[in-house]
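Structure assessment
Below, each chain spelled out in residue letters.
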Amino acid sequence: MVNPQRKSIITGNWKMYKTIEEGLKFIQGLIPLVQSDELPLVYLAVPYTMLESASKITKNTKVTIGAQNMNDASEGAFTGEIAARMLKEAGAQFVILGHSERRTYFHEDNAFINKKVKRATQENLPCVLCIGESEEEREAGLSFEVIQKQLLECFNGLTQKDILKCMVAYEPKWAIGTGKTATAEIAQEMHHHCRQFVGENWGEDIANKMIIQYGGSVKPENAKALMEQPDIDGLLVGGASLSLDFFSQIVNYNTSTV
Ligand code: PGA
């Protein structure tokens, strides 16, 4: 819901999909569909290969280009890795950190993600920190505890100023790519709890300014109900962001007819 303290942002996460040619064609089609000032800002986390060209064609538009991951070191002998400075040089204006696919397939834990968050903020590269519980954790009644631990450990040692360079994406693992979306009520409950916890630990001002996006099987059909919740400031969209039709409907959720 539009809150004067917080921007409304809808982020597409393209994961390992789209060549440069496919991506640029998509973005050219997207720009006119999301340009109105009434709409949320649009962030797109694209593959590294198209960061530079995508950033160039989105200058002075509502679309902001970012990356999906980075290494925590400033540089070094880490074959195949990429540094924050390199992302920035290629035009990235934000980076997603701690995505559940990184946690699951690449064994990233909160301590490692914390180092990445520190590096990103040190380099003034805003990040989207992903948190969220698994199905077993939810069933065991541990959802709040899990996200509290993730927030505490991933923001550990950051100054309040640095925390404000971060957004949070609440993405329950059981909802990512599964077609099972959290209901708007569950998502709101988790977002509210997350904001309260941020307030208790880092102050009310940060809590009020913190942009918290919801992610996990967002579709044109559920975007509006989610966005109407008072603590949901935006959406992090995976699968549906690969379709121009679906993604532009999600950004235009207020007038979409689905
Ligand atoms: P999904 O992915 O929308 O396909 O569930 C969300 C995400 O991975 O960020």
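A brief look at the structure comes next. Given the structure is predicted, the values throughout are model-derived calculations rather than measurements.

The first and last C-alpha atoms of helix H9 (residues 184-202) sit 26 Å apart over 19 residues, in line with the 27 Å expected at 1.5 Å per residue. Turning to H9, its buried residues are Ala184, Ala187, Gln188, Met190, His191, His193, Cys194, Arg195, Phe197, Val198, Gly199 and Trp202. Among the residues trailing H9, Gly203 stands out with phi positive, at a value near 105°.

Here we come to the environment of Ile176. Relative to the elements of secondary structure, Ile176 occurs in the loop between strand E6 (166-170) and H9. Residues Ile176 and Gly239, 63 residues apart in the sequence, show an inter-C-alpha distance of 9.0 Å. With residues up to four places along the chain from it excluded, the contact list for Ile176 reads Lys15, His99, Ser100, Glu101, Glu171 and Gly216.

In this section: the site of the ligand. What surrounds the ligand is a group of 13 residues, the closest being Lys15, His99, Glu171, Gly177 and Ser217. Within the backbone of Gly177, an N or O atom sits 2.6 Å from an oxygen atom of the ligand. When the ligand is considered free in solution it has 280 Å² of accessible area, and contact with the protein chains removes 95% of it. Looking at the shell around the ligand, its residues break down into four nonpolar, seven polar and two charged.

For the rest of this paragraph, the subject is the sheet that holds strand E5 (residues 127-131). The pairing of strands in a sheet comes from backbone hydrogen bonds and takes either a parallel or an antiparallel form. Here eight strands make up an open sheet; going across it, the order is E3-E2-E1-E8-E7-E6-E5-E4 and the pairing parallel. Across the chains shown, the open sheet's two edge strands, defined by having one partner strand only, are strand E3 (63-66) and strand E4 (95-97). Going from strand to strand, the sheet's axes swing by 25° on average, the running direction of each strand aside. Examined bridge by bridge, strand E1 (residues 9-13) and strand E2 (residues 41-45) share five bridges and lie parallel to one another. Following the sheet pairing, Gly12 is matched in E2 by Leu44. Sitting on the sheet, H9 is in contact with E5, E6 and strand E7 (212-215), with an inclination near 145° to E7.

With that out of the way, let us pick up helix H12 (residues 244-251). Every buried residue of H12 is listed here: Phe247, Ser248, Gln249, Ile250 and Val251. Its buried side turned inward, H12 meets E1, helix H1 (20-30), E2, helix H11 (220-227) and strand E8 (234-237).

With that out of the way, let us pick up the state of the cysteines. One pass over the full model with this rule turns up zero disulfides. With no disulfide partner, Cys127 has as its closest neighbouring cysteine sulfur the one in Cys166, 3.4 Å distant. Just so you know, Cys130 is unpaired, no disulfide at all, and the nearest cysteine sulfur is the one on Cys127, 9.3 Å from it. Residue classification places Cys130 among the buried positions, given a relative accessible area of 2%.

Basis of the calculations
- Residues numbered from 1 in each chain as written.
- Predicted model: local features only at pLDDT ≥ 70, side-chain atom pairs only at ≥ 80, totals over all residues.
- Heavy atoms only, no water.
- Helix = DSSP H or I, 4+ residues; strand = E, 2+ residues; numbered from the N terminus.
- Expected span 1.5 Å × (residues − 1).
- Buried < 20%, exposed > 50% of the residue type's maximum accessible area, 1.4 Å probe, protein only.
- Contact = heavy atoms within 4.5 Å.
- Near = heavy atom within 4 Å.
- Polar contact = N/O pair within 3.5 Å; in protein donor to acceptor, adjacent residues only side chain to side chain.
- Areas by Shrake-Rupley, 256 points an atom, 1.4 Å probe, with all protein chains shown as cover.
- Nonpolar A, V, L, I, M, F, W, Y, C, P; charged D, E, K, R; others polar.
- Pairing = 2+ DSSP bridges.
- Axes fitted to C-alpha atoms, helices over the stretch in contact; angles between N-to-C directions.
- Disulfide = S-S within 2.5 Å.

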